[in-house]
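These are the residues of each chain, in order.
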Amino acid sequence: MPSNAPSSDRPSVGLVVAIDGPSGSGKSSTSRGVASRLGLRYLDTGAMYRAMTWWMLRAGVDVQDPAAVAARADEARIVSGTDPLGPTITVDGVDVGVAIRGEDVTGAVSPVSAVPEVRARLLELQREAIAEATTDGGIVVEGRDIGSVVAPDAPVKAYLSADPAARAARRAAEEGGSDVAATEASLLARDTIDSGRAVSPLVMADGAVHIDTTHYTLDEVIGLVVELVEAVEARA
Ligand code: DC
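The following paragraphs examine the structure supplied in this document. (Residues numbered from 1 in each chain as written. Predicted model: local features only at pLDDT ≥ 70, side-chain atom pairs only at ≥ 80, totals over all residues. Heavy atoms only, no water.)

R50, R119, D145, D194 and R197 are the nearest of the 18 residues found near the ligand. One nitrogen or oxygen atom from the side chain of T45 is found 3.0 Å from a nitrogen atom belonging to the ligand. Taking R119, its side chain carries an N or O atom lying 2.8 Å from an oxygen atom of the ligand. Mapped onto the shell around the ligand, the elements with two or more residues apiece are α2 (45-58), α4 (103-113) and α8 (180-196). The dominant element in the shell around the ligand, judged by the number of residues it contributes, is α2, at four residues. (Near = heavy atom within 4 Å. Polar contact = N/O pair within 3.5 Å; in protein donor to acceptor, adjacent residues only side chain to side chain. Helix = DSSP H or I, 4+ residues; strand = E, 2+ residues; numbered from the N terminus.)

Below, the structure is given as structure tokens:
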């Protein structure tokens, strides 16, 4: 397994690393780890969908009514900070980094994410963040549709997965010891909606390398993705 020593080789300008996969597959920790090892920016697109959902709930919008969500999709002012060591997210100037991880947002984010107007708005913001970062060394972007829709030309694409039980155990531990069975049921329900929606469903993008993280440590997965980046850099 590759070592996790800091790399001195800064990737070339314009690098985009697309990391997709379901909840609990290790995407966030891997993406942040790869970005900080390689001196890249980091964008968590799931946090943006959560921020949009937080805004909808606070505005009293019925999140189960796609027309109501669509009508207000352009109102929330979502700003993402892309430092992998301290990513931030604000909505209308309010820091929502903690609030977007609450149960209310987690329970409502899949239907909000399925609304095409929401996806169009966030796609615009994601492409802006990517364009800005690619003039500054590059960026690791994580989500569900990064390699397929947001950055289909990304030179490095990884699709992370893990057994549902492992994913639930990781998520429950992150949430401070929530019930593992309930966490597994909740993430499987979200998988079904995220994979089955009409617009930009969770899929393994063309050209993506599949990494099943079930039996790997975080450092090992980071090392595997860094190897993918280095292979692309060596060919450039
Ligand atoms: O990665 P996460 O669990 O924080 O993402 C929250 C939700 O956002 C997830 O259930 C689906 C949605 N999402 C999406 O539809 N497209 C993305 N690129 C990222 C997240």
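Having seen the model, we can carry on.
Mapped onto the secondary structure, S23 falls in the loop between β1 (15-20) and α1 (27-38). Separated by 3.3 Å, the side chains of S23 and R190 make a polar contact. Filtering out sequence-adjacent residues up to four positions away, S23 remains in contact with R144, R167, R171, L187, R190 and D191. (Contact = heavy atoms within 4.5 Å.)

So, about the pairing of strand β6 (residues 138-143). With six of its six residues buried, β6 lies for the most part within the structure. The alternating pattern of β6 places G138, V140 and E142 on one face and I139, V141 and G143 on the opposite face, and all of these are buried. With six bridges connecting them, β1 and β6 associate as parallel partners. Each bridged residue has a counterpart across the sheet, and for V17 the counterpart in β6 is V140. Strand direction decides the pairing type here: strand β2 (residues 41-44) and β6, joined by four bridges, are parallel. Along β6, the bridge assignment pairs D44 with E142. (Buried < 20%, exposed > 50% of the residue type's maximum accessible area, 1.4 Å probe, protein only. Pairing = 2+ DSSP bridges.)

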